[in-house]
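Survey of secondary and tertiary structure
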Amino acid sequence: MATYTHGHHESVLRSHTVRDIANSAAYLRPHLHDGIRLLDVGAGPGSITVDFASVVAHVTATEIDEAALSLSRELAAERGLTNLDFSVEDVHGLSFADDSFDVVHAHQVLQHVGDPVQALREMRRVAVPGGVVAARDADYAGFLSFPVLPELERWLDLYRRAARANGGEPDAGRRLLSWARAAGFEDVEATASTWCYATPEERAWWGGMWADRIRESALARQLVASGMATPDDLDEISEAWKRWAADGDGWYLAPHGEIIARA
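Values in this document were obtained by computation on a predicted structure and should not be read as measured data.

Definitions and limits used
Residues numbered from 1 in each chain as written. Predicted model: local features only at pLDDT ≥ 70, side-chain atom pairs only at ≥ 80, totals over all residues. Heavy atoms only, no water. Helix = DSSP H or I, 4+ residues; strand = E, 2+ residues; numbered from the N terminus. Rg over C-alpha atoms; globule rule 2.2 N^0.38 Å. Buried < 20%, exposed > 50% of the residue type's maximum accessible area, 1.4 Å probe, protein only. Contact = heavy atoms within 4.5 Å. Areas by Shrake-Rupley, 256 points an atom, 1.4 Å probe, with all protein chains shown as cover. Lys, Arg positive; Asp, Glu negative; His and termini not counted. Charge placed at Lys NZ, Arg CZ, Asp CG, Glu CD. Polar contact = N/O pair within 3.5 Å; in protein donor to acceptor, adjacent residues only side chain to side chain. Phe/Tyr/Trp six-rings, centres within 6.5 Å; stacked < 30°, edge-to-face > 60°. Lys NZ or Arg CZ within 6 Å of the ring centre and 35° of its normal. Pairing = 2+ DSSP bridges. Right-handed = clockwise from strand over helix to strand, strands pointing away.

Here's the deal with the overall build of the chain
- What the chain contains, in helices and strands, is 10 helices and eight strands.
- The C-alpha atoms of the chain give 18 Å as radius of gyration, which agrees with the globular expectation for 263 residues (18 Å, within 12%).
- Over its C-alpha atoms, taken along the principal directions, the chain stretches across nearly 50 × 40 × 30 Å.
- Across the 263 residues that make up the chain, the buried fraction comes to 54%.
- Sequence separation of 24 or more characterises 77% of the internal contacts of the chain that already satisfy a separation of 6 or more.
- Accessible surface computed for the chain: about 10800 Å², of which carbon and sulfur atoms make up 51%.
- Side chains of the chain carry 24 positive and 40 negative charges; the gap between the two charge centres is 3 Å.

Topic: the side chain of Ser-24
- Turning to its location among the elements, Ser-24 is positioned in helix 2 (residues 21-24).
- A distance of 2.7 Å separates polar atoms of two side chains, one belonging to Ser-24 and the other to Asn-23.
- Not counting residues up to four positions away in its chain, the partners in contact with Ser-24 are Arg-19, Ile-48, His-107, Arg-136 and Trp-195.

Brief notes about the environment of Trp-241
- Position of Trp-241 among the secondary structure elements: in helix 10 (residues 231-246).
- Put simply, Trp-241 and Val-128 are 113 residues apart on the chain and 45 Å apart in space, counted from C-alpha to C-alpha.
- Residues in contact with Trp-241, not counting those within four places in the same chain, are Leu-152, Trp-155, Trp-206, Gly-207, Trp-210, Ala-211 and Tyr-252.

Notes on the packing of aromatic side chains
- In total, this model carries 15 aromatic pairs according to the counting rule given.
- The interplanar angle of 75° and the centroid separation of 6.3 Å between the aromatic rings of Trp-206 and Trp-210 together place this pair among those described as edge-to-face. Here Trp-210 and Trp-206 lie together in helix 8 (residues 200-216), a separation of four residues that amounts to about one turn.
- Judged by its relative accessible area of 4%, Trp-206 is buried.
- Classification of Trp-210 as buried rests on a relative accessible area of 2%.
- Here Trp-206 and Tyr-252 contribute two aromatic rings whose centre-to-centre distance is 5.8 Å and whose plane-to-plane angle is 50°, an arrangement assigned as tilted. Here Trp-206 is found in helix 8, whereas its partner Tyr-252 is found in strand 8 (residues 251-262), with 46 residues between them in sequence. Comparing Trp-206 with Tyr-252 shows no difference in burial state: the two are buried.
- Three or more aromatic residues joined by ring pairs form one cluster here, namely Tyr-140, Phe-143, Trp-155, Tyr-159, Tyr-197, Trp-205, Trp-206, Trp-210, Trp-241, Trp-244 and Tyr-252.
- Sitting over the ring of Phe-185, Arg-124 keeps its end group 5.5 Å from the ring centre.

Notes on the pairing of strand 4 (residues 101-107)
- With seven of seven residues buried, strand 4 is to be regarded as a mostly interior element.
- Across four bridges, strand 1 (residues 37-41) lies against strand 4 in parallel orientation. The residue bridging Leu-38 from the neighbouring strand is Val-103, located in strand 4.
- Bridge analysis of strand 4 against strand 5 (residues 127-138) gives six bridges, and the strand direction is parallel. Residue pairing in the sheet places Val-103 in a bridge with Val-132 of strand 5.
- Read as a crossover between parallel neighbours, the route from strand 4 over helix 5 (residues 116-125) to strand 5 is right-handed.

Structure, rendered in structure tokens:
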């Protein structure tokens, strides 16, 4: 089992809670309708999960432990939604019966698990015949920015090293098709989409979020404890994120791979 690199610090949740169908699962939207039973693997803070609940019949949300699952549970209660249930699960060995869901979804999950092929096998097992297994993951090696700041290049290298030290694969996006084929899927549609940050408001949000995360999140603690970086290194990276955010020409691209696989 891999270790989740990001953790659940406020600076991490600040990023994750803005996700919804439109910005994180648009590739799946044509496959959703009001008769669907959907399993959301690794629901995180639940912002995509509750969006699903507004368009399908029922959503089951999972997380690796109760503390993580409580985030989506609380958001659903806050929204007054009743067509959801929640289950603590390990995606490598789901507790659900075969053929339980019409759609099985995972956003930014497979990059963090120890065996993504086994995870996809399990997602396939619990999907009905002809059902959809959908996954979207970032591909950190493809992240691009302007202006090019050496501190942000250092940040990207440190993140990828930390993720791999945790047993994950930070460049998962390009591997989704391969993993799906290895998991036994024959009918797989592979696509890609991006997050792009270029307006003053977008730069302030993305750069400010990472300026905090590199100092305060689980990633920061891991980098210092492992000797990959010092607190001074992380302070320099944090300040570079702020400089990038304040640059009127600043631009950032975060590519993602996606798959729609038929069970």
